[in-house]
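Analysis of the macromolecular model
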Amino acid sequence: MDHILSILIFFPLLAGILGFVVDKGSAKAYGISVATVEFLLAMWLWMSFDNANAGMQFTEFAPIISQFGISYNLGVDGISLFIVIMATLITLLGIILLDESKIANMKNMIVSLLFLEMTMVGVFLSLDAIIFYMFWELSLVPMLYLIGAWGGPTRVYAAIKFFLYTFAGSLVMLVGLLAMAYLYHLEAGVWTFNLLDWYQLDLSTDLQFWLFLSLFAGFAIKVPMFPFHTWLPHAHGQAPTIGSVILAAVLLKMGTYGFVRFSLPLFPDASVSMIPFIMTLSLIMVVYTAMVAFAQKDMKQVIAYSSVSHMGVIMLGVFAMNAEGLGGSIFLMLSHGIVSGALFMLVGVIYERTGTKMMSEFGGLAQVMPIYATVFGVMLMASVGLPLTIGFVGEFLVLLGFYQVSPIGTIIAGLTIIIGAVYMLTLFKRTFFGPITNEKNRNLKDLDRRELTALLPLVAIVIWLGIYPKPVLGPIDNSVQKLLVEMEYKARTQEAKDMIISMKPEKEESDKEAK
Amino acid sequence: MESLVYIALFAPFVGSLFAGLFFARSPKSILVGVVNPALIGVSFLASVALAMHVAEFGAVHVTMMDWISMGGLNIPFGFLVDEVSVTMMLVVTLVSTVVHIYSNGYMDHDKSFNRFFAYLSAFVFSMMILVMSDNLAGLFIGWEGVGVCSWLLIGFWYHKEDKPFEENPSISPSWAANEAFIMNRIADLGMLVGIFLIYWNVGSLQYNVVFDALPNLADGLLVGIAIALFIGAMGKSAQFPLHTWLTDAMEGPTPVSALIHAATMVTAGVFLVIRMSPLYSMEAVSGVSMFIAALGTFVAFYAASMALIARDIKRIVALSTLSQLGYMFAAAGLGAYWIALFHLAAHAFFKALLFLGAGNVMHAMDDELDIFKMGGLRKVMMGSYIYMGIASIALAGLPFFAGFYSKDAIIETAFNEGTYLIWIMLVITAGMTAFYSFRQVFFSFHGEERWKPLGFNPHDMYKYVLVAMAPLAILAISFGWFMDGYKAFITKNLPAYEMSDHTHHIAWLLGALVVLFAVIGIWIAYRKYAGKGAMAWQRDEKVENSFIYKLLENQYYVPHAYDRFIVQPYIVASDKFWEWDNKIVDGTVDTIAKTIYDAGDKSRTMQTGNLSTYLNWMGAGALLLIVAAAISAVIG
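Residues numbered from 1 in each chain as written. Chains lettered and ligands numbered in written order. Predicted model: local features only at pLDDT ≥ 70, side-chain atom pairs only at ≥ 80, totals over all residues. Heavy atoms only, no water.

**Topic: the overall build of chain B**
Formally: The way it works is that DSSP assigns letters per residue, a run of H or I at least four long becomes a helix, a run of E at least two long becomes a strand, and they are numbered from the N terminus. When a residue's accessible area, from a 1.4 Å probe over protein chains only, is under 20% of the maximum for its type it is buried; when over 50% it is exposed; and in between it is partly exposed. For accessible areas, the Shrake-Rupley method is used with a probe of radius 1.4 Å. Any residue's cover is judged against the shown protein chains and nothing else. In this tally Asp and Glu are treated as negative and Lys and Arg as positive; neither His nor the chain ends contributes. The atom standing in for a charge is NZ when the residue is Lys, CZ when it is Arg, CG when it is Asp and CD when it is Glu.
In terms of helices and strands, chain B carries 27 helices and two strands. Taking the principal axes of its C-alpha atoms as reference, chain B extends roughly 115 × 65 × 55 Å. Across the 636 residues in chain B, those meeting the buried criterion constitute 62%. Just so you have it, chain B exposes about 24,300 Å², and 68% of that area is on carbon and sulfur atoms. Distance from the positive charge centre (35 side chains) to the negative charge centre (46 side chains) of chain B: 9 Å.

**Considerations on the overall build of chain A**
How we decide: We take the radius of gyration over the C-alpha atoms and set the globule estimate at 2.2 Å times the residue count to the 0.38 power. What makes two residues a contact is simply this: any of their non-hydrogen atoms within 4.5 Å.
Broken down by element type, chain A carries 24 helices and two strands. Relative to the globule expectation of 24 Å for 515 residues, the C-alpha radius of gyration of chain A, 22 Å, shows essentially globular dimensions. Evaluated residue by residue, chain A yields a buried proportion of 68% over its 515 residues. Restricting the contact set of chain A to residue pairs at least 6 apart, pairs at least 24 apart contribute 80%. Carbon and sulfur atoms provide 66% of the accessible area of chain A, an area that totals close to 16,400 Å². Side chains of chain A give 29 positive and 35 negative charges; the mean places of these two sets differ by 12 Å.

**Observations regarding the packing of aromatic side chains**
Residues and elements named next belong to chain A. Condition: Note on aromatic contacts: the rings of Phe and Tyr and the six-membered ring of Trp form a pair at centre separations within 6.5 Å, being stacked when their planes are under 30 degrees apart, edge-to-face when over 60 apart, and tilted otherwise.
Throughout the structure, instances matching the rule amount to 75 aromatic pairs over all chains. With a centroid separation of 5.2 Å and an interplanar angle of 85°, the aromatic rings of Trp46 and Phe82 are classed as edge-to-face. Here Phe82 lies in helix α3 (residues 78-97) and Trp46 lies in helix α2 (residues 27-47), a separation of 36 residues in the sequence. For Trp46, a relative accessible area of 14% corresponds to the buried category.

**Here's the deal with the interface of chain B and chain A**
In plain terms, the rule: By definition, the buried area sums, over both parts, the 1.4 Å-probe accessible area that each loses when the two are put together. Any Lys or Arg side-chain nitrogen found within 4 Å of a carboxyl oxygen on Asp or Glu counts as a salt bridge. Two N or O atoms count as a polar contact when they lie within 3.5 Å, although within protein this holds only if one can serve as hydrogen donor and the other as acceptor, and sequence-adjacent residues are included solely when both atoms are side-chain atoms.
Tallying the contact residues gives 55 residues for chain B and 70 residues for chain A. Between chain B and chain A, roughly 5,600 Å² of surface is buried when both sides are summed, and carbon and sulfur atoms account for 73% of that area. Contact with chain A buries area across many residues of chain B, yet Met70(B), Arg185(B) and Trp200(B) alone supply 15% of it, more than any other trio. Where chain B meets chain A, there are four salt bridges. When the shortest N-O distance is used, the salt bridge between Lys161(A) and Asp590(B) registers 3.0 Å. The interface formed by chain B and chain A holds 22 residue pairs in polar contact (both at pLDDT 80 or more) in total.

**Re the pattern of salt bridges**
Across all of its chains, the model carries 25 salt bridges over all chains by this definition. Across the pair Arg261(A) and Asp77(A) runs a salt bridge, and its minimum N-O distance is 2.8 Å. One end of the pair, Arg261(A), is in helix α11 (residues 241-266); the other, Asp77(A), is in the loop between β2 (70-76) and α3, with 184 residues separating them in the sequence. Like Asp77(A), Arg261(A) is buried. Measuring nitrogen to oxygen at the nearest pair gives 3.2 Å for the salt bridge that ties Asp66(B) to Lys470(A). You can see Asp66(B) sitting in strand β1 (residues 60-70) and its partner Lys470(A) sitting in helix α22 (residues 470-490), one on each of two chains. Linked by salt bridges that have partners in common, Asp99(A), Glu352(A), Arg353(A), Asp448(A), Arg450(A) and Glu451(A) make up one network.

**What to know about unusual backbone geometry**
In this structure, the amide linkage connecting Val223(A) to the following residue, Pro224(A), adopts the cis form with an omega of -10°. Examined against the element boundaries, Pro224(A) turns out to sit in the loop between α9 (205-222) and α10 (231-238). The omega angle of the peptide bond from Phe226(A) to Pro227(A) is 0°, so this bond is cis rather than trans. Mapped onto the elements, Pro227(A) comes out in the loop between α9 and α10. One non-glycine residue, Asn105(A), lies in the positive phi region at around 55°. With a relative accessible area of 43%, Asn105(A) lands in the partly exposed category. With phi around 60°, Tyr556(B) is a residue other than glycine that occupies positive phi space. Relative to the assigned elements, Tyr556(B) resides in the loop between α25 (547-553) and α26 (558-603).

**A look at the nonpolar core**
Stated precisely, the cut-off is as follows: Side-chain atoms within 4.5 Å link the members of a nonpolar core, which is a set of buried Ala, Val, Leu, Ile, Met, Phe, Trp, Tyr and Cys residues.
With 463 residues, the main nonpolar core has Leu279(B) and Tyr280(B) as its most contacted residues. Among the elements that take part in this core, helix α15 (residues 337-364) of chain B stands out by supplying 21 residues, more than any other.

**Regarding a nonpolar patch on the surface**
Residues and elements named next belong to chain A. Rules: Each patch is built from residues that are more than 30% exposed by relative accessible area and take part in no salt bridge. Like charges join if they lie within 9 Å; nonpolar side chains (Val, Leu, Ile, Met, Phe, Trp, Tyr) join within 5 Å.
Nonpolar side chains collect at one region of the surface, where Leu14, Ile17, Leu18, Phe20 and Val21 lie side by side and expose about 530 Å² of accessible area between them. Mapped onto the secondary structure, Ile17 falls in helix α1 (residues 4-19). In this structure Ile17 comes out as partly exposed when scored by relative accessible area, which is 46%.

**Details of the packing of α3(A) against helix α15 (residues 323-354) of chain A**
Axis angle and axis distance: for two packed helices, these are the angle between their axes and the distance between the axes, and together they describe the pair. Residues and elements named next belong to chain A. The line we're drawing: Convention adopted: a line fitted to C-alpha atoms gives each axis, helices being fitted over their contacting stretch, and angles between N-to-C directions are expressed from 0 to 180 degrees. Just so you know how the angles are binned, under 35 degrees is roughly parallel, over 145 roughly antiparallel, 65 to 115 roughly perpendicular, and the rest oblique. Under this grouping Gly is polar, as are all residues other than the nonpolar Ala, Val, Leu, Ile, Met, Phe, Trp, Tyr, Cys and Pro and the charged Asp, Glu, Lys and Arg.
Look at α3 against α15: their axes get within 9 Å of each other, and the N-to-C directions meet at 10°. One finds that α3 runs roughly parallel with respect to α15. Within the contact between the two elements, α3 uses Ile79, Phe82, Ile83, Met86, Leu89, Ile90, Leu93, Gly94 and Leu97 and α15 uses Ile330, Met333, Leu334, Gly337, Ile338, Met345 and Val349. Across the contact of α3 with α15, the residue classes break down as 14 nonpolar, two polar and no charged.

**Some details on the side chain of Ser307(A)**
Residue and element names in this part refer to chain A. Examined against the element boundaries, Ser307 turns out to sit in helix α14 (residues 299-318). Among the residues examined, Ser307 registers a relative accessible area of 0% and is labelled buried. Engagement of the side chain of Ser307 in a polar contact is seen with the side chain of His336, the distance being 3.3 Å. If we skip the residues at most four places from it in the chain, Ser307 touches Ala248, Leu252, His336, Ser340 and Phe344.

Structure follows, in structure tokens:
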């Protein structure tokens with residue numbers, strides 16, 4: 001299995017193309033089997049992953065256009081490994097949750113999802129800027145189709161908005177990537193888009209700043225950072241359940257992953273000097289969108305805005321410049337993927353039954369659907385970051401790490417544990433508690449086998465990684481420490497070097513004393 | 001010994017899972033009612049064995065496995081059983097065992113019987129993690145865990161609908177549950193900040209490492225840590241201004257109020273201060289400690305004042321809990337940690353007894369809470385009357401009952417420290433405590449049977465429930481007798497607080513003064529509510545319209561103020577933000593998109609298909625280019 005990464009990327013593509021000839025009635029079964037194989041491949045990747053090795057593993061390299069240094073270049077490390085696994089898992093569970101009786105053109109849906117899976121996996125495994133960009137942009141197409149073809153009443157507006165907005169940002173990012181290659185050419189005399197080569201390039205702080213900004217345009221819109229987030233509620237509002245699940249769980253992570261993989265190691269000085277800017281936007285995301293979430297009347301919009309709020313916490317972690325914060329933010333990406341994915345699934349479940357997502361239509365559901373309420377409750381607790389659920393680990397580490405950067409900023413960001421509880425508990429109370437106000441809801445069926453199959457694995461993960469996150473934290477820790485060491489080494493200004501903590505705090509202390 | 005630690009810790013967890021098996025399915029499983037109390041009992045026995053071990057050989061420390069490790073941070077699941085934590089374990093498991101048995105009777109007819117036990121045992125497990133963890137992060141697990149269990153249990157009867165504030169000050173169980181959770185989270189943020197400060201300056205969250213490092217830390221930092229951790233304690237222990245959730249939490253079933261909102265969880269804040277006593281007893285943070293004592297004293301008085309006129313039997317008991325928590329903080333703040341812990345334990349016993357007694361009354365009166373509708377109940381429920389009498393005597397601090405020793409020691413400490421204002425407040429509060437406790441007893445058990453015309457048919461609780469309450473009654477009477485022995489045990493770990501010779505000489509006088517105040521309080525209550533011709537239970541409009549009465553009845557208007565100045569503005573601001581998000585943030589995006597679209601749409605008119613028009617445009621374009629070239633040539 002030398003080419004495990006290529007297989008991971010292109011198996012869904014080939015299976016998707018084959019999917020066109022699959023019989024309509026068995027499309028879902030076909031989708032499940034393909035996604036299962038893909039997930040097992042990802043698990044196999046984890047099993048054969050060398051936890052002690054912090055660098056890139058299973059690398060593949062093949063030149064494509066050698067005169068421009070564009071190559072087919074793949075690799076996986078502790079940072080990308082688990083995001084890939086999560087992407088394949090969420091795709092699998094999302095397909096399981098699809099209701100054959102409700103979805104027209106199941107075959108097209110499955111094919112789109114498999115294409116989407118290829119692009120997602122591709123983004124996280126690419127080590128060549130052009131290949132990365134290609135997967136990045138291709139991921140828009142199946143999502144555009146998912147929203148446009150299976151979405152709600154204003155799906156076309158939402159789909160086009162989603163496409164054009166993120167596409168516009170990506171183009172600016174592309175300019176930045178091309179400039180980067182050009183600068184490398186100026187310096188080294190050869191063209192290359194190899195990310196690992198780019199890491200070696202020493203850039204002036206000025207150039208770092210402008211390049212940082214151009215990449216920021218692409219990543220920030222994807223995250224989405226305030227004030228570029230408004231495409232997200234529209235997209236979620238119109239997207240079918242599976243679209244929202246994948247969008248929230250995986251696609252948004254591309255943005256934060258981009259910051260980790262590109263912005264931090266390529267522009268360490270700019271990253272450090274941009275901390276106040278990023279912090280301001282992130283804090284607005286955390287507090288402001290949480291309040292907007294509280295004002296929502298539609299369950300799905302609450303979750304959509306809460307996603308933005310949580311992504312703000314992840315952004316803070318990315319720019320914490322220490323292993324605790326950065327590693328925490330990687331873990332939080334995973335946990336947010338699991339939890340928000342599950343929450344969107346849960347909203348989809350009730351929407352399928354009643355045709356509405358408005359909280360005012362519900363009330364007292366806990367009496368009618370106790371299992372549904374319990375699963376929702378577990379995800380709620382994970383979402384508000386309860387210890388021993390997956391949500392706590394990442395949030396705690398990020399806040400802990402960011403405290404080193406800015407205590408005041410951390411306290412403001414820490415408001416998330418309060419206002420996050422406010423909107424989630426309000427949602428829960430309005431939906432599940434109180435007397436049954438709507439007679440129509442009196443005979444709702446609780447979760448059936450299909451829904452449980454999709455949701456229970458997520459519940460299990462939420463608890464497992466909440467109690468024992470070590471298997472995941474270990475590889476992340478290694479790769480993150482390596483990244484920080486490289487950043488510190490590469491940073492030009494003393495200010496940036498001081499900010500980046502690539503060592504453990506007690507060592508730091510003794511270093512200071514030695515000085 | 002290691003296995004005993006795990007048995008004590010995980011037996012309640014097993015119980016919770018076991019009851020969870022029957023979660024929503026069968027209406028009631030007798031098995032759950034038997035197995036769960038038994039498992040908590042096992043946990044209690046293991047705690048007893050551990051206590052004997054600790055007394056003889058010292059602390060037991062076990063590390064189970066790693067939890068979180070990232071960068072320089074390493075948090076294990078480690079458990080420390082020393083004098084302090086084993087005291088808490090004994091209190092928690094003993095009260096829990098009684099409450100579990102009691103719940104069999106109390107929740108007898110509830111359709112969610114099994115669910116109740118699943119939550120209740122989960123609470124005990126969380127509480128055990130809280131007290132047993134050997135590091136602050138582990139404590140935080142338990143801290144949040146009890147918070148969630150409290151949320152689940154306050155909102156246990158979630159199907160009840162919201163009522164207006166005037167009709168029911170706690171609105172509904174689900175509302176009260178959310179209030180408690182959110183208010184605790186506010187405090188938790190403070191606690192997290194304390195944890196972050198410790199981590200970045202010590203590099204570890206293990207108690208022993210932290211305590212060793214404390215002397216090396218700067219004074220300002222120590223003060224910061226002390227304040228941040230105390231903010232956390234204020235939330236769990238419902239200290240002003242984060243106190244309103246505790247009285248509202250009475251929406252939960254009464255066994256829950258007894259266990260969580262009287263005996264155990266609300267004392268977690270006090271426990272935290274005691275656990276961190278190496279920090280709080282430092283010279284550098286003496287200001288913070290004095291503040292803790294002052295705030296505790298204030299809360300003791302403040303809560304007692306509201307209890308004077310409360311009509312809801314559970315609210316009276318809840319307010320007295322709040323008041324007693326104030327006493328504990330006063331002691332801890334003044335440096336008498338072991339006395340605070342002693343009062344914590346004594347209070348757990350008599351307050352749980354009092355609450356369970358109140359539960360019996362509610363059970364008898366079909367969940368009626370208004371003491372104005374009771375009266376003369378001692379004729380039909382002698383057992384509960386005796387229990388509540390014992391608990392009230394203990395609470396009032398009459399000689400030779402538990403409260404006499406523990407509360408008296410706190411008041412004596414205040415005198416000994418020379419903080420006379422605190423001392424006098426605590427003495428007055430002791431009188432008020434005696435008054436409102438006996439007011440409630442006389443109201444419900446003495447006098448005219450006002451429930452008769454209302455059609456109630458009260459009867460006492462099941463025999464086995466009354467028998468199960470006996471250990472609490474025995475301890476409420478006798479716990480104080482073990483004070484000296486306990487002191488010898490606990491001061492191996494906590495500073496041995498000694499009274500000065502001066503105080504020691506007049507200790508009998510100080511004690512007598514407190515007892516005098518208590519007796520006066522009881523006497524007034526008796527004259528007004530139980531003596532011959534006492535008619536005070538008939539409502540007096542003049543009193544009820546007075547300013548003071550209104551102030552107390554509305555809890556000093558604090559809940560109103562929170563609603564008006566925090567909740568409502570938050571709702572308005574959220575709606576405003578949403579509006580802005582649509583109109584301004586998204587509006588800008590749409591405007592840009594529309595401008596581009598319109599520009600394309602307008603310039604489309606150029607495409608007429610008419611050759612001469614194209615030539616005109618070409619000429620205009622060429623001209624523009626020439627001008628641009630000319631300008632750049634001039635500038636360049």
